[in-house]
Amino acid sequence: MDEHVMRSMDWDSIMKELELDDDSTPNPLKTEFTTSESAIGPLYAVDSNLPGFPDQIQPSDFDSSDVYTGQNQTTGYGFNSLDTVDNGGFDFIEDLIRVVDCVESDELQLAQVILSRLNQRLRSPTGRPLQRAAFYFKEALNSLLTGSNRNQTRLLSSWTEIVQKIRAVKEFSGISPIPLFSHFTANQAILDSLSSQSSSPFVHVVDFDIGFGGQYASLMREIAEKSISSGFLRVTAVVAEECAVETRLVKENLTQFAAEMKIRFQIEFVLTKTFEMLSFKAIRFVEGERTIVLISPAIFRRLSGIGEFVNNLRRVSPKVVVFVDGEGWTEVAGSGSFRREFVTALEFYTMVLESLDAAAPHGDLVKKIVEAFVLRPKIAAAVETAADRRNAGDVIWREAFCGAGMRSIQLSQFAVFQAECLLEKAQVRGFHVAKRQEELVLCWHGRALVATSAWRF
């Protein structure tokens, strides 16, 4: 059967299952879309088949076939710097770096030979954190060389994949402080910017990494309890083309929660492809509203230059720009070295996996779910980005911000207090909160895993 016909059938079956028509959610062939219906009026009806926010759905058992399985191993390792790696006997790390060097020098045949050898040695993500991280980075390099992440059309997520992703995000939030730290610090930076009573009561958040939108539940609750902004919130989310079904899920859940909180709410979606062409002209702004922009490294992966993005951002005149780096991107972005960015990312995600081991029971299936549906896609994106940018020579984001006249602002003491309370509640030894310049940082044994900062023009 023709591949295009099969894809159309898959889309139709998803629409039927979710009881959506083609107008409510974008067709995969469309280049842009918005959903601008207001939630000021009566409650929207919510599809009972749609799962709730990650902090609302109930945990369920996972089929072990959904993730990789294997016997745990106990080999030690060390991972100390960008240029020298003490791999503790894991010489496959050296082979990974050789593959990267081959990609940088365009010796792609040799890279394939080394990867073939690694495929025999790293068959599944088992063992200590470094070994599991090596498997995911090996898989990312395989995808890079075969072009499976680039040259093929990215299909919409299946309903099963969406449910698994939501459950994985929920489980990750339940065992690790990393996702909640990101949400709480970003929300507090937003609330701090809204503390002025003399400003407009209308708030517009432009979010470049909305995910499943669960972070807005706590933000709406704060807005409702503190009577901030007269209870009016508008969100514009810039999303990837393959997230069409997720946008319906996000809209229904946020609309329902806003109604329960008695908050007037609107949400619109703009495709990343459209934003790439039109920049901030693709987003609807209303005169007099307070604009807040949330960004993460995700948007910088898709753009040709950070400097141009920041210059266009300046024209929007946001009240505050909140940057949440949960990918260790700050250290090397703009270095122009695939090798350096690859090794630093490998070190970063090894630390994330190590913290996950400390937070979850030994051999727990939850860890495998989180790794498969949360961390593995991030690793694939990090490797693809590092390869794309190896000859870009773009400036580091902080330099671009400062060069455009932005200045960092201190996060409130209450944000620090919240972060420390979060760690106390998590009770995972090894995490601590630190300040780095104006950033609030979540560290694992001194290594920054999340860094949140707020900026103004």
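Residues numbered from 1 in each chain as written. Predicted model: local features only at pLDDT ≥ 70, side-chain atom pairs only at ≥ 80, totals over all residues. Heavy atoms only, no water.

## Looking at the overall build of the chain
When you go through the chain residue by residue, the secondary structure sums to 15 helices and nine strands. Counting every position in the chain, which comprises 457 residues, the buried fraction comes to 55%. If you take every contact in the chain between residues at least 6 apart in sequence, the share linking residues at least 24 apart comes to 78%. (Helix = DSSP H or I, 4+ residues; strand = E, 2+ residues; numbered from the N terminus. Buried < 20%, exposed > 50% of the residue type's maximum accessible area, 1.4 Å probe, protein only. Contact = heavy atoms within 4.5 Å.)

## Some details on the pattern of salt bridges
Scanning all chains against the criterion turns up 18 salt bridges. Note that Arg132 is salt-bridged to Glu371, the shortest N-O span being 2.9 Å. Highlighted residues: Arg132 in helix H4 (residues 129–146) and Glu371 in helix H13 (residues 365–388), separated in sequence by 239 residues. Take Arg132 and Glu371: they sit in the same class, and that class is buried. (Salt bridge = Lys/Arg side-chain N within 4 Å of Asp/Glu carboxyl O.)

## Notes on the nonpolar core
Of all hydrophobic cores here, the largest spans 96 residues; its most connected members are Leu141, Tyr216, Leu233, Phe338, Phe342 and Leu449. If one sorts the elements of this core by residue count, helix H12 (residues 338–359) sits on top with eleven residues. Sequence-distant contacts of Leu449, defined by excluding residues within four places in its chain, comprise Ile178, Asp325, Gly326, Glu327, Phe348, Met351, Val352, Ser355, Phe431, Leu442, Cys443 and Trp444. (Core = buried A, V, L, I, M, F, W, Y, C linked by side-chain atoms within 4.5 Å.)

## A word on unusual backbone geometry
Positive phi is not limited to glycine here, since Lys262 has a value of about 60°. Within the secondary structure, Lys262 is located in the loop between helix H8 (244–260) and strand S3 (264–271). Notably, His445 is not glycine yet its phi reads approximately 50°, a positive angle. Locating His445 in the fold gives a position in the loop between strand S8 (439–444) and strand S9 (447–456). Judged by relative accessible area, His445 falls into the exposed class, the value being 58%.

## Considering the environment of Gly211
Following the sequence through the fold, Gly211 ends up in the loop between strand S1 (202–207) and helix H7 (215–225). Taking C-alpha positions, Gly211 is 9.1 Å from Thr247, a pair spaced 36 residues apart along the chain.

## So, H13
Taking 1.5 Å per residue, 24 residues should reach 34 Å; H13 reaches 34 Å between its end C-alpha atoms and fits that length. Taking burial as the measure, the 24 residues of H13 include 17 buried ones, the bulk of the element. (Expected span 1.5 Å × (residues − 1).)

## Observations regarding helix H5 (residues 159–175)
A rise of 1.5 Å per residue sets the reference length of H5, with its 17 residues, at 24 Å; its end C-alpha atoms lie 25 Å apart and thus fit the reference within 8%. Turning to H5, its buried residues are Trp159, Ile162, Val163, Gln164, Ile166, Ala168, Lys170, Glu171, Phe172, Ser173 and Ile175.

## Brief notes about the confidence of the model for the chain
Caution applies to low-pLDDT regions: their predicted coordinates should not be interpreted in detail. Residues at a pLDDT of 70 or more form 73% of the chain, whose mean pLDDT is 78. Note on residues 1–88: pLDDT under 50 across the span, and 182 contacts to partners over four residues away in sequence or across chains. (pLDDT = per-residue confidence, 0-100.)

## Here we look at the packing of H5 against H8
Each pair of packed helices can be summarised by the angle the axes make with each other and by the distance between the axes. In contact at an axis separation of 10 Å, H5 and H8 are set at 55° when each is read in the N-to-C sense. Relative to H8, H5 is oriented oblique. The two elements H5 and H8 cross, and the hand of that crossing is right-handed. Side by side, H5 and H8 meet where Ile162, Lys165 and Ile166 of the first sit next to Val245, Glu246 and Leu249 of the second. Class assignment for the residues of the contact of H5 with H8 results in four nonpolar, no polar and two charged. (Axes fitted to C-alpha atoms, helices over the stretch in contact; angles between N-to-C directions. Parallel < 35°, antiparallel > 145°, perpendicular 65-115°, else oblique. Left-handed = near helix turned anticlockwise from the far one by under 90°. Nonpolar A, V, L, I, M, F, W, Y, C, P; charged D, E, K, R; others polar.)

## Looking at the pairing of strand S5 (residues 320–325)
Across the six residues of S5, six count as buried, placing the element largely inside the fold. Residues Val320, Val322 and Val324 point to one face of S5 and Val321, Phe323 and Asp325 to the other, with burial holding for every one of them. As paired elements, strand S4 (residues 290–295) and S5 share four bridges and run parallel to each other. Note that in S5 the partner of Ile292 across the bridge is Val320. Relative to S9, S5 is paired through five bridges, and the arrangement is antiparallel. Residue Val322 lies in a different strand from S9, and its bridge partner there is Ala454. (Pairing = 2+ DSSP bridges.)

## Some thoughts on the packing of H4 against H13
Between H4 and H13, whose axes approach to 9 Å, the crossing angle comes to 50°. As judged from the angle between their axes, H4 and H13 are oblique. Considering how the two elements wind past one another, H4 and H13 form a crossing that is right-handed. In contact with Arg132, Tyr136, Phe137, Glu139, Ala140, Leu141 and Leu144 of H4, H13 contributes Glu371, Ala372, Arg376, Ile379, Ala380, Val383, Glu384 and Ala387.

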